[in-house]
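Structure assessment
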Amino acid sequence: MRTRKSAATRKAEIVEAALRLADRLGPDRMSTEAVANAVGITQAGLFRHFPRKQVLWEAVADRIGTMMEEGWAEALRGKARPGDKIRALVVAQLRLIRATPAIPAILFSRELHTDNDGLRTAFLALLGRFHGRIAGLVEEGIDAGEWDADLDPGDAAFLILGLVQGLAVRWSVAGRGFDLVAEGERLLELLLRGFARPPAGTARPEPRS
């Protein structure tokens with residue numbers, strides 16, 4: 001006798017199937033029919049949980065956000081220095097992308113940029129939360145003397161966010177042919193080295209006119 005699954009369980013299955021298909025087919029080619037088939041239900045059954053495809057996409061964004069927040073919380077456990085916290089957050093983000101390769105595809109999809117305002121708003125909020133966490137840690141590092149006092153925390157956070165996004169795109173375009181996390185750790189160290197306080201008595205370079 002088959003056990004009827006709860007609505008929450010079925011919704012979770014549908015969202016996970018959407019993430020897998022967004023990776024395999026591409027976000028713009030993923031149809032509700034394909035998602036329903038992957039779960040083993042009819043489209044009508046899918047629409048009982050997600051009345052429109054847009055609502056399904058927003059649930060996908062919520063799921064990604066939950067995974068990010070959980071990864072951040074785990075990564076920061078036991079870390080004390082701001083630099084170590086930033087390293088841990090970046091590694092957690094890259095591990096999530098490696099485990100959920102649909103994320104970079106969604107970030108650059110037509111679905112996100114032109115077809116779905118709700119999805120775009122959700123991803124902007126996710127990026128904003130990541131940026132805010134990093135900026136706060138950069139500010140902590142400046143206050144602790146770890147980095148240059150003239151460093152702007154918001155700008156530094158955008159550089160780190162850009163590193164993660166650019167690396168994710170390069171990894172995707174390269175057919176995932178290199179170690180995403182190791183490459184991220186290497187490049188992040190170069191970036192953080194540039195945040196360091198200059199030695200005492202070192203003249204700052206004059207800005208170019």
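For the structure, check the block above.
A short tour of the structure in this document, coming up.

**Observations regarding helix 8 (residues 117–143)**
Over its 27 residues, helix 8 extends 38 Å from the first C-alpha to the last, a length consistent with the 39 Å expected when each residue adds 1.5 Å. For helix 8, the complete set of buried residues consists of L119, F123, L126, F130, H131, I134, A135, L137, V138, G141 and I142. Elements that come into contact with the buried residues of helix 8 comprise helix 4 (53–76), helix 5 (82–99), helix 6 (102–107), helix 7 (110–115) and helix 9 (153–173). Between a side-chain oxygen at the N-terminus of helix 8 and the backbone nitrogen of G118 the separation is 3.1 Å; the capping residue is N116.

**What to know about the side chain of N116**
Tracing the backbone through its elements, the reader meets N116 in the loop between helix 7 and helix 8. Its relative accessible area of 1% is what places N116 among the buried residues. A distance of 3.1 Å separates a polar atom in the side chain of N116 from the backbone nitrogen of G118. Not counting residues up to four positions away in its chain, the partners in contact with N116 are Q54, W57, E58 and E111.

**Details of the environment of G184**
Structurally, the position occupied by G184 is in helix 10 (residues 180–194). Here G184 is in contact with L94, L163 and L167, once residues within four sequence places are set aside.

**Thoughts on the nonpolar core**
One broad rule of soluble globular proteins: the nonpolar side chains tend to lie buried together. Counting residues in hydrophobic clusters, the biggest one holds 61 residues, and the most contacted among them are V35, L56, V60, I64, I106, F123 and I160. Listed by contribution, the elements that provide at least two residues to this core are helix 1 (7–24), helix 2 (32–39), helix 4, helix 5, helix 6, helix 8, helix 9 and helix 10. Apart from residues no more than four positions distant in its own chain, V35 is found in contact with I14, A17, A18, L21, M30, L46 and L56.

**Observations regarding the pattern of salt bridges**
Scanning all chains against the criterion turns up 15 salt bridges. A salt bridge links R87 to D84, with the nearest nitrogen and oxygen atoms 3.2 Å apart. Linking R87 with D84, this pair stays in helix 5, spanning three residues, or about one helical turn. Residue classification places R87 among the partly exposed positions, given a relative accessible area of 26%. Since its relative accessible area comes to 29%, D84 is described here as partly exposed. Close ionic contact of R186 with E183 constitutes a salt bridge, the shortest N to O distance being 3.0 Å.

**Examining helix 5**
Compared with an ideal rise of 1.5 Å per residue, which puts 18 residues at 26 Å, helix 5 spans 26 Å between its outermost C-alpha atoms and is within 8% of the ideal. Of all the 18 residues making up helix 5, 13 are buried; the element is thus mostly covered by neighbouring parts of the structure.

**Considering the packing of aromatic side chains**
All told, the structure shown has two aromatic pairs when counted by the stated rule. With 6.0 Å between their ring centres and 90 degrees between their planes, W147 and F195 make a pair best called edge-to-face. Taken together, the positions of W147 in the loop between helix 8 and helix 9 and F195 in the segment after helix 10 put the pair 48 residues apart, joining distant regions of the chain. Taking NZ or CZ as reference, K11 lies 5.9 Å from the ring centre of F50, over its face. Directly above the aromatic system of F178 lies the positively charged group of R170, at a separation of 4.8 Å from the ring centroid.

Reading the values: the criteria
Numbering of residues starts from 1 in every chain and runs along the sequence as written. Totals for whole chains, interfaces and linings use every residue, but because this is a predicted model, local features are given only for residues with pLDDT of at least 70 and side-chain atom pairs only at 80 or more, for both listing and counting. As a rule here, side-chain values come from all non-hydrogen atoms in the structure, and water together with hydrogens is ignored. Under the scheme used here, helices are H or I runs from DSSP no shorter than 4 residues and strands are E runs no shorter than 2 residues, and both carry numbers assigned from the N terminus. Under the convention used throughout, the expected extent of a helix is 1.5 Å for every residue step, that is, one less than its residue count. Only protein chains enter the accessibility calculation, which uses a 1.4 Å probe; a residue whose area is less than 20% of its type maximum is buried, one above 50% is exposed, and one in between is partly exposed. By definition in these notes, contact holds between two residues if any of their heavy atoms fall within 4.5 Å. Under the rule applied, a polar contact is a pair of N or O atoms within 3.5 Å (in protein, one hydrogen donor and one hydrogen acceptor; residues adjacent in sequence only if both atoms are side-chain atoms). As used here, the term nonpolar core means buried Ala, Val, Leu, Ile, Met, Phe, Trp, Tyr and Cys residues forming a set that is joined through side-chain atoms within 4.5 Å. Within this document, salt bridges are pairs made up of a side-chain nitrogen of Lys or Arg and a carboxyl oxygen of Asp or Glu, the two lying within 4 Å of each other. For this analysis, a ring pair means two rings from Phe, Tyr or Trp (six-membered ring only for Trp) whose centres lie within 6.5 Å, classed as stacked if their planes differ by under 30 degrees, edge-to-face if by over 60, and tilted for the remaining angles. Two conditions define a charge located above a ring, namely a distance within 6 Å from the ring centre to NZ of Lys or CZ of Arg, and an angle within 35 degrees of the ring normal.

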